[in-house]
Amino acid sequence: QVQLVESGGGLVQAGGSLRLSCAASGRFFSSYGMGWLRQAPGKEREIVAAISRSGGSTDYADSVKGRFTISRDNAKKTVYLQMNSLKPEDTAVYYCAAAMVYRPTKLDEYDYWGQGTQVTVSS
């Protein structure tokens, strides 16, 4: 089992940047594929980015490609989401999640979730 705690959210102007962090506790962190997901008011939760167990493979939603970068440090048990060129439509609660698969691609593959961190982008 793994526990996840996100940090780094906040209020930023359009065009700005934020870096989210997700600290994991528990064993075998490097055994989990990891992802960042988000949910905006009135919308379904969506996968923003995912990274494989080793960090060698990543995948992004089309809406964030070229702007967001997911990375992980298995020694520190931490996964990051660097968000650049933020847009008002990026406003959402961002969740870190872990999956017992190589690199998760579907919502129902995620087994553990953090509590979420709010990201608000003003125009």
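The text that follows walks through the structure, step by step, so that each part is easy to find. Source: prediction; values computed, not measured.

## A look at the pattern of salt bridges
Step number 1: All chains considered together, the criterion is met by 4 salt bridges.
Step number 2: Salt-bridge contacts for Glu46 lead to Arg38; the nearest nitrogen and oxygen are separated by 2.7 Å.
Step number 3: Relative accessible area serves as the criterion here: at 32%, Glu46 is assigned to the partly exposed category.
Step number 4: What makes Arg38 buried here is its relative accessible area of 6%.
Step number 5: The residue Arg38 makes a salt bridge to Asp90 at a minimum N-O spacing of 2.9 Å. Here Arg38, found in strand 4 (residues 33-39), pairs with Asp90, found in the loop between strand 8 (78-83) and strand 9 (92-99); they are 52 residues apart in sequence, far enough to count as distant.
Step number 6: Connected through salt bridges with shared partners, the residues Arg38, Glu46, Arg67 and Asp90 form a single ionic network.

## Focus on the packing of aromatic side chains
Step number 1: Scanning all chains against the criterion turns up 3 aromatic pairs.
Step number 2: A ring pair is formed by Tyr32 and Tyr112, whose centres lie 5.9 Å apart and whose planes are at 80°; its orientation type is edge-to-face. Here Tyr32 is found in the loop between strand 3 (18-26) and strand 4, whereas its partner Tyr112 is found in strand 10 (residues 110-113), with 80 residues between them in sequence.
Step number 3: With a centroid separation of 6.3 Å and an interplanar angle of 80°, the aromatic rings of Tyr95 and Trp113 are classed as edge-to-face. Residue Tyr95 is found in strand 9, and its partner Trp113 is found in strand 10; the two are separated by 18 residues along the sequence.
Step number 4: By way of ring pairs, the aromatic residues Tyr95, Tyr110 and Trp113 are connected into one cluster.
Step number 5: A cation over a ring is seen here: Arg19 above Tyr80, with NZ or CZ 4.0 Å from the ring centre.
Step number 6: Positioned above the aromatic ring of Trp113 is the side chain of Arg45, whose terminal nitrogen or guanidinium carbon lies 4.6 Å from the ring centre.

Criteria and cut-off values
Residues numbered from 1 in each chain as written. Predicted model: local features only at pLDDT ≥ 70, side-chain atom pairs only at ≥ 80, totals over all residues. Heavy atoms only, no water. Salt bridge = Lys/Arg side-chain N within 4 Å of Asp/Glu carboxyl O. Buried < 20%, exposed > 50% of the residue type's maximum accessible area, 1.4 Å probe, protein only. Helix = DSSP H or I, 4+ residues; strand = E, 2+ residues; numbered from the N terminus. Phe/Tyr/Trp six-rings, centres within 6.5 Å; stacked < 30°, edge-to-face > 60°. Lys NZ or Arg CZ within 6 Å of the ring centre and 35° of its normal.

These figures come from the coordinates and say nothing about function on their own.
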